[in-house]
Amino acid sequence: MILTAERLVRLAYKYPSLHNSWYLIACACLTVVNQPQEIPSVFHFALRQQLLESTTDTSLLTNKFLIQMAQDSISSSTKYKDLTAVGVNLPDILIPYSYYDKLPLKFKYSSSDDILACQSQIAAKVREVILKSVALAGLPKAINALMILKTVTPTAMKPSTLPVRPCIVKPGHVPSSDIVGEDLNGTNFDQSADTKETIDGPISPSSINVKRIQEDLYRGSEFWNAIYTSKVNTRIKRQMVNAYPDLWYFAYHNVYSPLLSFTEVLSARETSMCVVASLIPQDVNPQLKGHLKGAYNVGVSKEELSDLRDLVFDVCDWTGGVTWADGKEGVAKL
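In this numbering scheme, every chain counts its residues from 1 along its sequence in written order. Only residues with pLDDT of 70 or above have their local features reported here, since the model is predicted, and side-chain atom pairs are shown and tallied only from 80 upward, although totals for entire chains, interfaces and linings are computed over all residues. For the side-chain quantities, the full set of heavy atoms in the structure was used; hydrogens and water were omitted.

S.K.: Explain unusual backbone geometry to me, and be specific about the residues and the numbers.
M.R.: Backbone geometry at serine 230 places phi at a positive 55 degrees, although glycine is not the residue there. In DSSP terms, a helix is any run of H or I states spanning at least four residues, a strand is any run of E spanning at least two, and both are numbered starting from the N terminus. Note that serine 230 resides in the loop between helix H9 (210-227) and helix H10 (232-243). Whether a residue is buried, partly exposed or exposed follows from its accessible area with a 1.4 Å probe, protein chains only, as a fraction of its type maximum: under 20%, in between, or over 50%, in that order. By relative accessible area, which is 65% here, serine 230 ends up exposed. We note that aspartate 283 has phi near 55 degrees; this positive angle belongs to a residue other than glycine. Within the secondary structure, aspartate 283 is located in the loop between helix H12 (268-279) and helix H13 (285-297).

Encoded structure:
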């Protein structure tokens, strides 16, 4: 085990500017450094900790009840994996009544619907962080992390069950039916001679939702231009085209447009912070410099970026095996 109860509390309360994003940053980093088995502990602690009001009091790093809540989160994440293995529904994540009224912070919610909505949004955000890491750390790591996350996600917060409850924020990107028209049976509307079978069902030229694709490409362009302002946007595009035209095509059509620019689950700020958190462990300063400026361009403060950097260093130190050619001081910062 890498993340102890004390370390979880440190991640949550050492950097007050990251109160609402620490767990996203940690999950991005853990995915990149290939330690997905640690994500369940972060996830279960965040489900409890995010129900409490924020604070700038770093003396809480040693609060025994917060540490107990973190230890309970580590234990519950292990228990939920065991429950998944035997195929039972996973219950909601609760703060034990034995110390419910002893925690040093007030609760933000009182109704069960508000609590479920908050926790479901956290689950959706963690899934989205890992999905977006595909563009930064590769598909295999994202698959492994999402598979592990599924085993510890309460049944009421899983994507397939979310639409049933209107109080919950619906997660995820546009379904395939928004790109390819389908009827209620999942059958393509147009079964013409041009119809071809795919792994995701039959498609034909007239069934493709051109408007949806057009909107994605426009959104991707807007996001690119928000990250790389002034003339930097066209300069980087030109450099990628000159390196290999398909590199630019892939980045724009397959990464920025359908994935990174999608902000219905993670905001542009949260996305940029997770991009930075994913780049720091990989020792890729040219890209990190660009995305540090990009994060600032979309509203991430210098304090948040400084704290983010230190939080990622914490995780990298604990996991071990992460080194930088010029040491930590050589890692780009704003």
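S.K.: Give me the lowdown on the environment of tyrosine 100, citing residues and values where you can.
M.R.: Tracing the chain through its elements places tyrosine 100 in the loop between helix H4 (64-85) and helix H5 (112-132). C-alpha separation for the pair tyrosine 100 and phenylalanine 65, spaced 35 residues apart in sequence, amounts to 8.9 Å. Here a residue-residue contact requires only that any non-hydrogen atoms of the pair lie within 4.5 Å. Once residues lying within four places of it in the same chain are set aside, the contact partners of tyrosine 100 are Ile95 and Phe107.

S.K.: Please provide a residue-by-residue account of a positive patch on the surface, values included.
M.R.: On the surface, a cluster of positive charge is contributed by Arg235, Arg238, Lys289 and Lys293. Of all the secondary-structure elements, those providing two or more residues to the positive patch are H10 and H13. Mapped onto the elements of the fold, lysine 293 is located in helix H13. Owing to a relative accessible area of 55%, lysine 293 belongs among the exposed residues under this scheme. Residues enter patches when they are more than 30% accessible in relative terms and free of salt bridges; like-charged ones are connected within 9 Å and nonpolar ones (Val, Leu, Ile, Met, Phe, Trp, Tyr) within 5 Å. Each accessible area is a Shrake-Rupley result for a 1.4 Å probe, and residues are judged covered by the shown protein chains and nothing else. The working definition used for a salt bridge is a side-chain nitrogen of Lys or Arg within 4 Å of a carboxyl oxygen of Asp or Glu. The charged-residue count follows a simple rule in which Lys and Arg add positive charge and Asp and Glu add negative charge, with His and chain termini not counted at all. To locate a charge, take atom NZ for lysine, CZ for arginine, CG for aspartate or CD for glutamate.

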